[in-house]
Amino acid sequence: MTEMTTVTDTAAPAPKLPTLPDAQTVTEVKHWTDRLFSFRCTRPASLRFRSGEFVMIGLMGDPDPKTGKQKPLLRAYSIASPSWDEELEFYSIKVQDGPLTSKLQHIEVGDQIILRPKPVGTLVHDALLPGKRIWFFATGTGFAPFASLLREPQTYEDYDEVIITHTCREAGELQYGHDLIEALKDDELLNDVIGDGFWKKIKYYPTTTREKSPKMGRITDLMRKGEAFEDLGVAPINPQDDRAMVCGNLAFNLEIKAMLEDYGLEEGANSKPAQYVVEKAFLD
């Protein structure tokens, strides 16, 4: 006969493990350079978003020295996965003394992150009028929303040509975008849904500003000289045919914005579609 132990009502309850608010579980982490990494996590069942939008994600901060309480550290991150994906993907810079990224860069599979399921953003098809050609202008991790839109069927339904420019300091920082675009060629699902060879509509134009690469220079300088248009085999930007989305550091955003307006394009918004949009929440 097995002896049984009786637990009295006075026994202390087992301590509860702390859980993050709006927690999602990390399913994959990939480090591209010493400055860049990407990761995937579970997707809330209730989350609906348009490709190109962003959400607030983060981790709990350090305990307050006096109270011991922790507050969430949240930042706006573009969702790099398309709206139909069962998981969520993010592409991030590493900042060693950054309040959030100094911690976020060390996440591993199985860890939890905070994800506030309220997507917003201007880099969506709804904010643009119909056109023949779409330009995606990115610097650094500003490629993230375009990683979503390059895998969005509507992009290829709406446009005859899709041009993605990506300017980084070093060649290794272009790898995430390069690999993603190459993978489209063998993506059976997208080739089946959109049409075999849909990826042939893409013209990829990567450039570096510091490390030597096949194409050196800032995209804005290459456009002013006409070199970018010549390399791509397209006419200069015009408001009748071209639409544009911009996501990069603040100085780049302002420079491209001024150039697009010089070409005759007007800035659009969800409430008033036009010829180009800029993601104001992103800072490289």
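What comes next is a walk through the structure. (Residues numbered from 1 in each chain as written. Predicted model: local features only at pLDDT ≥ 70, side-chain atom pairs only at ≥ 80, totals over all residues. Heavy atoms only, no water.)

### Topic: the overall build of the protein
And then number 1: Each helix and strand in the protein was counted, giving 8 helices and 11 strands.
And then number 2: For the protein, the spread of C-alpha atoms along the principal axes amounts to about 85 × 45 × 40 Å.
And then number 3: The burial tally for the protein puts 48% of its 284 residues in the buried class.
And then number 4: Total accessible area on the protein is roughly 14,700 Å²; 52% of this is exposed by carbon and sulfur atoms. (Helix = DSSP H or I, 4+ residues; strand = E, 2+ residues; numbered from the N terminus. Buried < 20%, exposed > 50% of the residue type's maximum accessible area, 1.4 Å probe, protein only. Areas by Shrake-Rupley, 256 points an atom, 1.4 Å probe, with all protein chains shown as cover.)

### Some details on the nonpolar core
And then number 1: By size, the foremost hydrophobic cluster in this structure holds 32 residues, and its most contacted members are Phe136, Phe143, Phe146, Leu150, Tyr176 and Met245.
And then number 2: For this core, the elements supplying multiple residues, two or more each, are β5 (87–93), β7 (133–139), α2 (144–149), β8 (161–168), α4 (175–184) and β10 (242–247).
And then number 3: Excluding anything up to four places from it in sequence, Met245 contacts Leu123, Val124, His125, Leu128, Ile134, Trp135, Phe136, Phe137, Phe146, Leu149 and Val277.
And then number 4: Within the second largest apolar cluster, 21 residues are counted, among which are Leu222, Leu232, Val246 and Phe252. (Core = buried A, V, L, I, M, F, W, Y, C linked by side-chain atoms within 4.5 Å. Contact = heavy atoms within 4.5 Å.)

### Here we look at the environment of Ala183
And then number 1: Take Ala183: it is sitting in helix α4.
And then number 2: Note on Ala183: relative accessible area 45%, which makes it partly exposed.
And then number 3: Taking the C-alpha atoms as reference points, Ala183 and Ser213, 30 residues apart in sequence, are found 21 Å from one another.

### Concerning α4
And then number 1: Of the positions making up α4, those classed as buried are Tyr176, Gly177, Leu180, Ile181 and Leu184. Across the axial projection of α4, the buried residues extend over an arc of 120°, all falling on one side. (Arc of directions from axis to C-beta.)

### Focus on the sheet that holds strand β9 (residues 202–208)
And then number 1: Taken together, 5 strands build an open sheet; the order of strands is β9-β8-β7-β10-β11 and the sheet is parallel. Of all the strands in the sheet, the pair left with one neighbour each is β9 and β11 (276–278). This sheet shows a mean twist of 10° between the axes of neighbouring strands, independent of strand direction.
And then number 2: Sheet topology note: the β7/β10 ladder contains 6 bridges and is parallel. Bridging across to β10, Arg133 finds its partner in Asp242.
And then number 3: Here helix α8 (residues 250–262) sits on the sheet and contacts β7, β10 and β11; the angle it forms with β10, its principal contact strand, is near 165°. (Pairing = 2+ DSSP bridges. Axes fitted to C-alpha atoms, helices over the stretch in contact; angles between N-to-C directions.)

### Regarding the environment of Ser148
And then number 1: Within the secondary structure, Ser148 is located in helix α2.
And then number 2: Looking at Ser148, the relative accessible area reads 0%, which means it is buried.
And then number 3: Taking the C-alpha atoms as reference points, Ser148 and Ala80, separated by 68 residues in sequence, lie 4.6 Å from one another.
And then number 4: When sequence neighbours within four positions are dropped, the list of residues in contact with Ser148 reads Ser51, Gly52, Ile79, Ala80, Ser81 and Pro82.

### Describing the pattern of salt bridges
And then number 1: Summed over all chains, the structure comprises 24 salt bridges.
And then number 2: Where Asp22 meets Arg116, a salt bridge forms, and the shortest distance between an N and an O atom there is 2.9 Å. Pair noted here: Asp22 is in the segment before β1 (23–31) and Arg116 is in strand β6 (residues 112–120), with a separation of 94 residues, a long-range link.
And then number 3: By relative accessible area, which is 29% here, Arg116 ends up partly exposed.
And then number 4: Residue Arg50 is joined to Glu53 by a salt bridge in which the shortest nitrogen-to-oxygen separation is 3.0 Å.
And then number 5: The buried category is assigned to Glu53, whose relative accessible area is 5%. (Salt bridge = Lys/Arg side-chain N within 4 Å of Asp/Glu carboxyl O.)

These figures come from the coordinates and say nothing about function on their own.
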